[in-house]
Amino acid sequence: MSQALSFTATESTVPAIRRWVSIVIGEFGRHDRCSDAELIISELATNAVKAAPGKLIKVMITRVGAESVLSVWDPAPEFPAVNADPFADLEDDDFDHNGGRGLLLVRSLAIAWGCTATPDQGGKWVWARI
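One structure accompanies this document, and this report is about it. (Residues numbered from 1 in each chain as written. Predicted model: local features only at pLDDT ≥ 70, side-chain atom pairs only at ≥ 80, totals over all residues. Heavy atoms only, no water.)

## As for the overall build of the protein chain
So, point 1. Per the secondary structure count, the protein chain includes 3 helices and 5 strands.
So, point 2. Starting at the N terminus, the α and β elements of the protein chain follow one another as β-α-α-β-β-α-β-β.
So, point 3. Looking at the protein chain residue by residue over its 130 residues, the buried ones come to 40%.
So, point 4. Within the protein chain, contacts between residues separated by at least 24 positions form 62% of all contacts whose residues are at least 6 apart in sequence.
So, point 5. On the protein chain, roughly 7,000 Å² of surface is accessible, and the fraction owed to carbon and sulfur atoms is 55%. (Helix = DSSP H or I, 4+ residues; strand = E, 2+ residues; numbered from the N terminus. Buried < 20%, exposed > 50% of the residue type's maximum accessible area, 1.4 Å probe, protein only. Contact = heavy atoms within 4.5 Å. Areas by Shrake-Rupley, 256 points an atom, 1.4 Å probe, with all protein chains shown as cover.)

## Quick look at the environment of tryptophan 20
So, point 1. Within the element layout of this structure, tryptophan 20 appears in helix H1 (residues 13-27).
So, point 2. Sequence-distant contacts of tryptophan 20, that is, excluding residues within four places in its chain, are made with Gln3, Ala4, Leu5, Val59 and Ile61.

## Topic: the pairing of strand S5 (residues 124-129)
So, point 1. The sheet contact formed by strand S3 (residues 67-74) and S5 spans 6 bridges and is antiparallel. Among the inter-strand pairings, aspartate 74 is bridged to a residue of S5, identified as lysine 124.
So, point 2. Pairing between strand S4 (residues 112-117) and S5: 6 bridges, direction antiparallel. Among the inter-strand pairings, threonine 116 is bridged to a residue of S5, identified as tryptophan 125.
So, point 3. With antiparallel pairing between neighbouring strands as the criterion, S4 and S5 make up a hairpin whose turn holds 6 residues, including glycine 122 at a positive phi of roughly 80 degrees. (Pairing = 2+ DSSP bridges.)

This is the structure:
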């Protein structure tokens, strides 16, 4: 069972994506994973917004037995990367540039996560299984 929606990649769409994912995960009977799903999808969607601002992104939730796969597609070909040193920028005075820890959160909350290129459409799916 899958549900999917498309969004324009703007910062203001991330809260809407988060709410939608929480509703769907609840409909899947996984109220115990709503908070984790919201955090994971926030990180994946925020990365998609940064990779392809103003472009169309897709969000899909697939139920596989007791697990769910949260996926975000964007048209940018570059895969996101986990920051090698997540604490390197903590002394930076420009806190707006601090970042790179979102995928560490995804990795810690998900059973598995990864990226799948979509050469036929360009871009990639970034996904996390919870």
